[in-house]
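A closer look at the structure
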Amino acid sequence: MKELKKIAFVGFWKGFDVEQNLIFKILSKHYDLKICDRRSADYSICSLYNDDFIDATGIRIFYTAEAVAPDFTLFDYFIGFDELKFDDRYVRVPNYVMNLKYQDDINLLMRRHKDRHHDREKFCCWVCSNGSGDETRDVIFDKLSNYKKVDSGGRYRNNVGCDGGVCDKRAFQENYKFSLAVENTSYRGYTTEKLVEAFAAGGIPIYWGDPDVTKEFNPKAFVNLMDYSSIDEGIEVVKKIDQDDELYNEMVSQRALINQNSMEKSIDELEAFLINIFDQPIKEAYRRPHGQTAIWVNKMAQAGIMKRNTDKNGWALRKLLQLAKGLINWRNN
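Figured I'd write up the structure that's included with this text.

Conventions we followed
- All chains use their own residue numbering, which begins from 1 and follows the written sequence.
- For this predicted model, a pLDDT threshold of at least 70 governs which residues receive local features, and a threshold of 80 or more governs which side-chain atom pairs are given and counted, while totals over whole chains, interfaces and linings are taken from all residues.
- In computing side-chain properties, one takes all heavy atoms of the structure into account and sets aside hydrogens as well as water.
- In this description, strands pair whenever DSSP reports at least two bridges between them.
- Counting from the N terminus, the helices are the DSSP runs of H or I reaching at least four residues and the strands are the DSSP runs of E reaching at least two.
- Here a residue-residue contact requires only that any non-hydrogen atoms of the pair lie within 4.5 Å.
- Every angle, taken between N-to-C directions, lies between 0 and 180 degrees, and every axis is a line fitted to C-alpha atoms, over only the stretch in contact when it is a helix.

Take the sheet that holds strand β7 (residues 122–126) next. Overall, parallel pairing links the five strands, which are arranged β8-β7-β9-β10-β11 in an open sheet. Edge positions in the sheet fall to β8 (150–152) and β11 (223–224), since each of these pairs with one other strand and no more. Direction of pairing for β7 relative to strand β9 (residues 176–182): parallel, over a ladder of three bridges. Bridge pairing in β9 places Cys124 opposite Phe178. Each of β7, β9, β10 (204–208) and β11 touches helix α7 (residues 231–242); the most contacted strand, β9, lies at about 160° to it.

Below you can see the structure in the form of structure tokens.
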């Protein structure tokens, strides 16, 4: 019989399915899981799409699909994208590995260099629905559009007559020689599903975002705008590939990944990380500091949340300043 573990999933995005994620899948192999409220769970898997983590009383394990640096005062353990080591408290797992819904795209990516690619008459596409990302995305889109039309099939800057966005992203991308795969932000180690989806569609991705993307993805298989001194220089490379069928076919025949086993390795590392946490006695698994300073930090975080969520009468701001003053006085005594 597997040991019972009481866990909560706290602060995840709208539509998040507890049982359709890699953390739940791994843990359920080893333990009987009981999903609980965050105030009664022994372990809380936390994300940042709301503030509920602040009163999660159990062991806090943080994961987000966004570019966020670790906070080891508020959380015991962290699953992130930075290249760092911190005892047993941190593991790096690429964004696209964590979400099970991209598994079909990953499978297509793995065999991309073997598949036969049909002729594609259309030039380039972009599928984006979030208009609040880095303005570099728009610069790339506009500069590339000055060469040839880039079809935008998402809700943002849609120019294909589908205001709600295309229904099937991969089917849309499969019609194009190139796909824009541009992140919402540039953050070292943060490569999302955008590049995976572009590879899965079979064309050549035009990428911007993670400065370290070529640690995992083959630079011979895509145009990495991060490699060039300017966007204009990178677009000149795109034009050259577009006008040279031999060069284009050579690139789409390249493996997408440098190491075909890299994703499997990441999953194995995540599994070992989680088992180490859950196999310990609960009292021994705590890592975040519980001293007086840490208590003040947690209270200041709570006050900051109240400041965002209350009216403009200044109460929460005064409370935050009061807490800060109390911490200073405590440190000086």
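This next bit is on the sheet that holds strand β5 (residues 77–80). Ordered in space as β2-β1-β3-β4-β5-β6, the six strands form an open sheet in which the pairing is parallel. Each end of this open sheet is capped by a strand with a single partner; those strands are β2 (32–35) and β6 (90–92). Averaged over all pairs of adjacent strands, the angle between strand axes in this sheet comes to 25°, irrespective of strand direction. Of the pairings in the sheet, the one linking β5 to β6 comprises three bridges and is parallel in character. If you follow Ile79 over to β6, its bridge partner there is Val91. Along the sheet, helix α1 (residues 22–30) contacts β1 (4–10), β2, β3 (43–46), β4 (59–63) and β5; its crossing angle with β2, the most-contacted strand, is approximately 135°.

It is worth stressing that arrangement in space is one thing and function is another; only the former is reported here.
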